[in-house]
Amino acid sequence: MRIFDYFRILQPQKTATVAKERLQIIVAHERRLRDPNTVDYLPLLQRELLEVVRKYVAIEDEHIKVHVEKEGEYEVLELNITLPDEKRLSPL
Amino acid sequence: MAKIIVVTSGKGGVGKTTTSAAFSAGLALRGHQTVVLDFDVGLRNLDLVMGCERRVVYDFVNVINGEGTLNQALIKDKRVESLFILPASQTRDKDALTMKGVARVLEALKKRFEFIICDSPAGIEHGAIMAMYFADEALVVTNPEVSSVRDSDRIIGMLSSKTRRAVQNLPPIKEHLLVTRYAPKRVTTGDMLSVEDVQEILAIPLVGIIPESPSVLQASNAGIPVVLEKNTDAGQAYLDVVARFLGEEPPSREKKGFLTRLFGN
């Protein structure tokens, strides 16, 4: 690595590059939401998962997030459940 | 066979009306019978940009409601032979553009004109859908700026799902990307998305680039479609768009550097 490359690393990323990266992510996400083939089952899946989790833990509707991501040939189903604080964790 | 072309973008203020005026005037300059329709009911502005605001008597909604004939409402441009304008209504509510009414007016225009240019209102509501519904081709006007690119993507989604061609399973609308307000210098310094970036994200073919230019505001100030100001950069760029749209490859207009201009090639 040449000496000048160190300075390049220190420079902040150009805003146009940031814009492109942000756009690629949001546009891909919104296209998936529009696509009738991929997302129809997600709301139902989310509701049923919520019911199952609620048998064991008291959580609110917004504490469960379901997300499908396409990575190359694979589709990744991402499930995120935020558990409540220890104190509020009580057997139902 | 007449072609219906929608000029659309989703986002406001990116240059739909400027483009509608310039593109339709450019087609007419090339000898094509052309009409340009303002779909922005309640916020009519195409008449002003085209300099015929004082000649509006009947409008689009009058024709749909049978209060005036199409011939009474069509305004013939005074500068370009074979160019006509159908202004939007200024007072009625926007639902006045019924699907049946719009279809009837377009059918009548198809008999007389080769190109029917539909200037869409901003947004994704009724007026925007009516403007794109019957289109054969679309100019998607986009600024190299995040909100405009995102909205254009949304509009491209609607072109392939909410239009007559989509609903009736016909061949899809032919889409053309038109990047406007482009500043190559700011692209070089990394402060503006490049045309290649925008094209990569939206993934539709490019029909042209309009540079950010004072001539656009000067033309609209005067009510002159910018293609009629042939010595301006924006006017030239729009003429190139028209040529490319008609299937020609216009000459490359690389800006000559200072030294090249001084000493020649």
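Residues numbered from 1 in each chain as written. Chains lettered and ligands numbered in written order. Predicted model: local features only at pLDDT ≥ 70, side-chain atom pairs only at ≥ 80, totals over all residues. Heavy atoms only, no water.

Engineer: Please give an account of the overall build of chain A that cites residues and values.
Structural biologist: A tally of helices and strands in chain A yields four helices and two strands. Listing each helix as α and each strand as β along chain A from the N terminus yields α-α-α-α-β-β. Per-residue burial over chain A gives 20% buried out of 92 residues. Expressed as a percentage of contacts within chain A between residues at least 6 apart in sequence, the contacts between residues at least 24 apart total 36%. Surface accessibility of chain A: about 7,800 Å² in total, with carbon and sulfur atoms responsible for 56%. (Helix = DSSP H or I, 4+ residues; strand = E, 2+ residues; numbered from the N terminus. Buried < 20%, exposed > 50% of the residue type's maximum accessible area, 1.4 Å probe, protein only. Contact = heavy atoms within 4.5 Å. Areas by Shrake-Rupley, 256 points an atom, 1.4 Å probe, with all protein chains shown as cover.)

Engineer: Quick one: what's the story with unusual backbone geometry, residue by residue and with numbers?
Structural biologist: It is generally the case that most residues other than glycine have a negative phi and that most peptide bonds are trans. Residue and element names in this part refer to chain B. Located in the positive-phi region is Asn169, a residue other than glycine, with phi close to 55°. Along the chain, Asn169 turns up in the loop between helix H8 (164-167) and strand S7 (174-182). The class of Asn169 is exposed, set by a relative accessible area of 73%. The backbone phi angle of Ala203 is positive, close to 55°, even though this residue is not glycine. Within the fold, Ala203 resides in the loop between helix H10 (195-202) and strand S8 (206-211).

Engineer: So, the environment of Arg104 of chain B: which residues are in play, and what are the values?
Structural biologist: Residues and elements named next belong to chain B. Looking at where Arg104 falls in the secondary structure, it is placed in helix H5 (residues 99-110). For the pair formed by Arg104 and Ile124, sequence separation is 20 residues and the distance between their alpha carbons is 23 Å. Ignoring sequence-local partners within four residues, the contact set of Arg104 consists of Val63 and Ile64. A distance of 2.8 Å separates the side chain of Arg104 from the backbone oxygen of Ile64, its partner in a polar contact. (Polar contact = N/O pair within 3.5 Å; in protein donor to acceptor, adjacent residues only side chain to side chain.)

Engineer: Could you give an account of the pairing of strand S5 (residues 115-119) of chain B, with specific residues and numbers?
Structural biologist: Residue and element names in this part refer to chain B. Among the five residues that make up S5, five are buried, leaving the element largely enclosed by the rest of the structure. In S5, alternate side chains face the same way, and those of Phe115, Ile117 and Asp119 on one face and Ile116 and Cys118 on the other are all buried. Of the strand pairs in this sheet, strand S1 (residues 3-8) and S5 are connected by five bridges, and their pairing is parallel. If you follow Val6 over to S5, its bridge partner there is Cys118. Relative to S5, strand S2 (residues 34-38) runs parallel, the two sharing five bridges. Its bridge partner being in S5, Val35 is matched across the sheet by Ile116. (Pairing = 2+ DSSP bridges.)

Engineer: Break down the interface of chain B and chain A for me, with residues and values.
Structural biologist: In this assembly, 15 residues from chain B lie in contact with 12 residues from chain A. Together chain B and chain A conceal approximately 1,300 Å² of surface at their shared face, both sides included; 54% is due to carbon and sulfur atoms. Taken together, the links from chain B to chain A amount to five salt bridges. Between Asp153 of chain B and Arg34 of chain A there is a salt bridge, with its nearest N and O atoms 2.9 Å apart. Applying the counting rule to chain B against chain A returns nine residue pairs in polar contact (both at pLDDT 80 or more). Breaking the side of chain B that touches chain A down by element, the ones donating at least two residues are helix H7 (146-159) and H10 of chain B. Its residues placed into classes, the side of chain B that touches chain A shows six nonpolar, three polar and six charged. (Buried area = accessible area lost by both parts, 1.4 Å probe. Salt bridge = Lys/Arg side-chain N within 4 Å of Asp/Glu carboxyl O. Nonpolar A, V, L, I, M, F, W, Y, C, P; charged D, E, K, R; others polar.)

Engineer: Describe the confidence of the model for chain A, naming the residues involved and giving the relevant values.
Structural biologist: Per-chain confidence: chain A averages 78 in pLDDT, with 75% of residues scoring 70 or above. Put simply, helix H1 (residues 3-10) of chain A is where chain A has its lowest mean pLDDT, 60, and helix H2 (residues 15-34) of chain A is where it has its highest, 91. (pLDDT = per-residue confidence, 0-100.)

Engineer: I'd like a rundown of the pattern of salt bridges, residues and numbers included.
Structural biologist: Across all of its chains, the model carries 14 salt bridges over all chains by this definition. The partner of Glu30 of chain A in a salt bridge is Arg150 of chain B, with the nearest N and O atoms 2.6 Å apart. Of the two residues, Glu30 of chain A sits in helix H2 while Arg150 of chain B sits in helix H7, which places them in two different chains. The exposure class of Arg150 of chain B is partly exposed, given its relative accessible area of 34%. Where Arg30 of chain B meets Glu248 of chain B, a salt bridge forms, and the shortest distance between an N and an O atom there is 2.5 Å. With a gap of 218 residues between them, Arg30 of chain B in the loop between helix H1 (16-29) and S2 and Glu248 of chain B in the loop between helix H12 (233-245) and helix H13 (258-263) connect regions that are remote in the sequence. Taken together, the salt bridges that share partners define one network made up of Lys20 of chain A together with Asp197 and Glu200 of chain B.

Engineer: So, the packing of H1 of chain B against H12 of chain B: which residues are in play, and what are the values?
Structural biologist: Residues and elements named next belong to chain B. One way to put it is that H1 packs onto H12 with a least axis distance of 9 Å and a crossing angle of 60°. In terms of orientation, H1 lies oblique with respect to H12. For H1 against H12, the interelement crossing comes out right-handed. Listed contacts from H12 to Thr18, Thr19, Ala22, Phe23, Gly26, Leu27 and Leu29 of H1 are Tyr238, Leu239, Val241, Val242 and Phe245. Grouping the amino acids of the contact of H1 with H12 by side-chain chemistry returns nine nonpolar, three polar and no charged. (Axes fitted to C-alpha atoms, helices over the stretch in contact; angles between N-to-C directions. Parallel < 35°, antiparallel > 145°, perpendicular 65-115°, else oblique. Left-handed = near helix turned anticlockwise from the far one by under 90°.)

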